[in-house]
Amino acid sequence: MRGQARKESLSDSRDLDGSYDQLTGNPPRPTKKALKQRFLKLLPCCGPQALPSVSESKCPPSSPSVLGSGDSVEDEFELSTVCHRPEGLEQLQEQTKFTRKELQVLYRGFKNECPSGIVNEENFKQIYSQFFPQGDSSTYATFLFNAFDTNHDGSVSFEDFVAGLSVILRGTIDDRLNWAFNLYDLNKDGFITKEEMLDIMKSIYDMMGKYTYPALREEAPREHVESFFQKMDRNKDGVVTIEEFIESCQKDENIMRSMQLFDNVI
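Nothing here was measured: the structure is a model prediction, and the numbers come from that model.

All right, on to the overall build of the protein then. Broken down by element type, the protein carries 13 helices and 6 strands. When the 266 residues of the protein are sorted by exposure, 43% land in the buried category. Within the protein, counting contacts between residues at least 6 apart in sequence, those at least 24 apart form 66% of the total. Carbon and sulfur atoms make up 53% of the accessible area of the protein, which totals about 15600 Å².

In structure tokens, the structure reads:
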């Protein structure tokens, strides 16, 4: 009975990451390199040293059909370590706007880069910092991590990741603006204050670093905040609501143009 359950669990995992062709019994062709590279730039990943949470379950053991003679020790570790088991492929298709094949590509990349199946905040910040070596990205990475961690359990699972990515890449303009508002609304009370926006702007300037051209002025973050509130705070009550935010963004051609940049990432 236990052996049958383990076979079914392994079959589900293979089905999700596309590592097994149900018709031929063979691995499918490798995914396009360009697609994987673009995904990895977005992927917050973690190393094998990350410890799982209480809600995790053990991965299925390695077998000849999964690990070939050329597979690395890291691959064996991935299958023997304790990990988070994602939801089924069909369920994720219903919850996101990705196709079956796209989910398999995303999951394969997430599984390869994150053997434990979850990303905690420290892992997220460490990986994010590699893309901004000239500055300090830790504060902005924390804000971004909290936006992906929608259930506030201190970790980002594959489900959390593809849910956020689906909104950013495939959502409507309103969906994307709602996601951005949630990122800026640091205490999640439904309003963006000047203090929150200043924290965001400072974190972005810190991430860009001191050696930019032209050089950034010390008062620049606060000036950006004042400009932001002049445009967004329609009733001048000192806070920006979701309605004010969406309405103002939709009237800004530059913001609308930037929203469309994500359309063809995957």
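Picking up where we left off.
So, on to the nonpolar core. Core analysis: the largest hydrophobic core is formed by 50 residues, its most contacted members being Leu144, Val162, Leu183, Ile192, Met197, Phe228 and Phe245. Looking at this core element by element, the count peaks at 7 residues for helix α7 (residues 138-148). The residues contacting Phe245, other than those within four sequence positions of it, are Leu177, Ala180, Phe181, Tyr184, Ile192, Phe228, Met232 and Val240.

Those residues of helix α12 (residues 242-250) that fall on the buried side of the exposure criterion are Ile242, Glu244, Phe245, Ile246, Ser248 and Cys249. Residues of α12 that are buried sit in contact with α9 (173-184), β5 (191-193), α11 (220-232), β6 (239-241) and α13 (253-259).

Looking now at the packing of helix α10 (residues 194-208) against α11. Here α10 crosses α11 at 135°, and the two axes come no closer than 9 Å. Judged by the angle between their axes, α10 and α11 are oblique. Seen along the crossing, α10 lies across α11 with a hand that is right-handed. Only Ala220, Pro221, Arg222, His224, Val225, Glu226, Phe228 and Phe229 of α11 make contact with α10, whose side of the interface consists of Lys194, Met197, Leu198, Met201, Lys202 and Tyr205. A class-by-class count of the residues in the contact of α10 with α11 yields 9 nonpolar, 1 polar and 4 charged.

Turning next to the packing of aromatic side chains. Scanning the model with the defined rule gives 11 aromatic pairs in all. On the numbers, 5.5 Å between centres and 70° between planes, the contact of Phe124 with Phe145 is edge-to-face. With Phe124 in helix α6 (residues 121-129) and Phe145 in helix α7, the pair connects residues that are 21 residues apart, well separated along the chain. We note that Phe124, like Phe145, is buried. Seen from their ring centres, Phe228 and Phe245 are 6.5 Å apart, and the 45° between their planes marks the pair as tilted.

For the rest of this paragraph, the subject is the pattern of salt bridges. Note that side chains of opposite charge can pair when their charged atoms are close. Summed over the entire model, instances satisfying the criterion amount to 10 salt bridges. A salt bridge links Glu122 to Lys125, with the nearest nitrogen and oxygen atoms 3.3 Å apart. Note that Glu122 and Lys125 are positioned in helix α6 at a spacing of 3 residues, about one turn of the helix. Classification of Glu122 by relative accessible area gives exposed; the value is 52%. The class of Lys125 is buried, set by a relative accessible area of 18%. Of the charged contacts, one joins Lys231 and Asp252 as a salt bridge, the two residues approaching to 3.8 Å between their closest N and O atoms. Of this pair, Lys231 sits in helix α11 while Asp252 sits in the loop between α12 and α13; the two residues are 21 residues apart in sequence, bridging distant segments of the chain. A relative accessible area of 18% means that Asp252 is categorised as buried.

Tracing the backbone shows Thr241 in strand β6. Discounting residues that sit within four places of it in the chain, Thr241 has contacts with Phe181, Gly190 and Phe191.

Our next topic: the environment of Ala141. Of note, Ala141 is situated in helix α7. Each C-alpha atom of the pair Ala141 and Tyr128 lies 6.6 Å from the other, and the pair is 13 residues apart in sequence.

The next thing to look at is the packing of helix α8 (residues 158-170) against α9. When two helices pack together, their arrangement is given by the angle between the helix axes and the distance between those axes. Interhelical geometry of α8 versus α9 gives an angle of 125° and a closest axis separation of 8 Å. Of the possible angle classes, the one that applies to α8 and α9 is oblique. For the pair α8 and α9, the sense of crossing is left-handed. Across from Gly164, Val167, Ile168, Leu169 and Arg170 in α8, the residues of α9 making contact are Asp175, Arg176 and Trp179. The residue makeup of the contact of α8 with α9, split by class, is 4 nonpolar, 1 polar and 3 charged.

Reading guide: rules and limits
Residues numbered from 1 in each chain as written. Predicted model: local features only at pLDDT ≥ 70, side-chain atom pairs only at ≥ 80, totals over all residues. Heavy atoms only, no water. Helix = DSSP H or I, 4+ residues; strand = E, 2+ residues; numbered from the N terminus. Buried < 20%, exposed > 50% of the residue type's maximum accessible area, 1.4 Å probe, protein only. Contact = heavy atoms within 4.5 Å. Areas by Shrake-Rupley, 256 points an atom, 1.4 Å probe, with all protein chains shown as cover. Core = buried A, V, L, I, M, F, W, Y, C linked by side-chain atoms within 4.5 Å. Axes fitted to C-alpha atoms, helices over the stretch in contact; angles between N-to-C directions. Parallel < 35°, antiparallel > 145°, perpendicular 65-115°, else oblique. Left-handed = near helix turned anticlockwise from the far one by under 90°. Nonpolar A, V, L, I, M, F, W, Y, C, P; charged D, E, K, R; others polar. Phe/Tyr/Trp six-rings, centres within 6.5 Å; stacked < 30°, edge-to-face > 60°. Salt bridge = Lys/Arg side-chain N within 4 Å of Asp/Glu carboxyl O.

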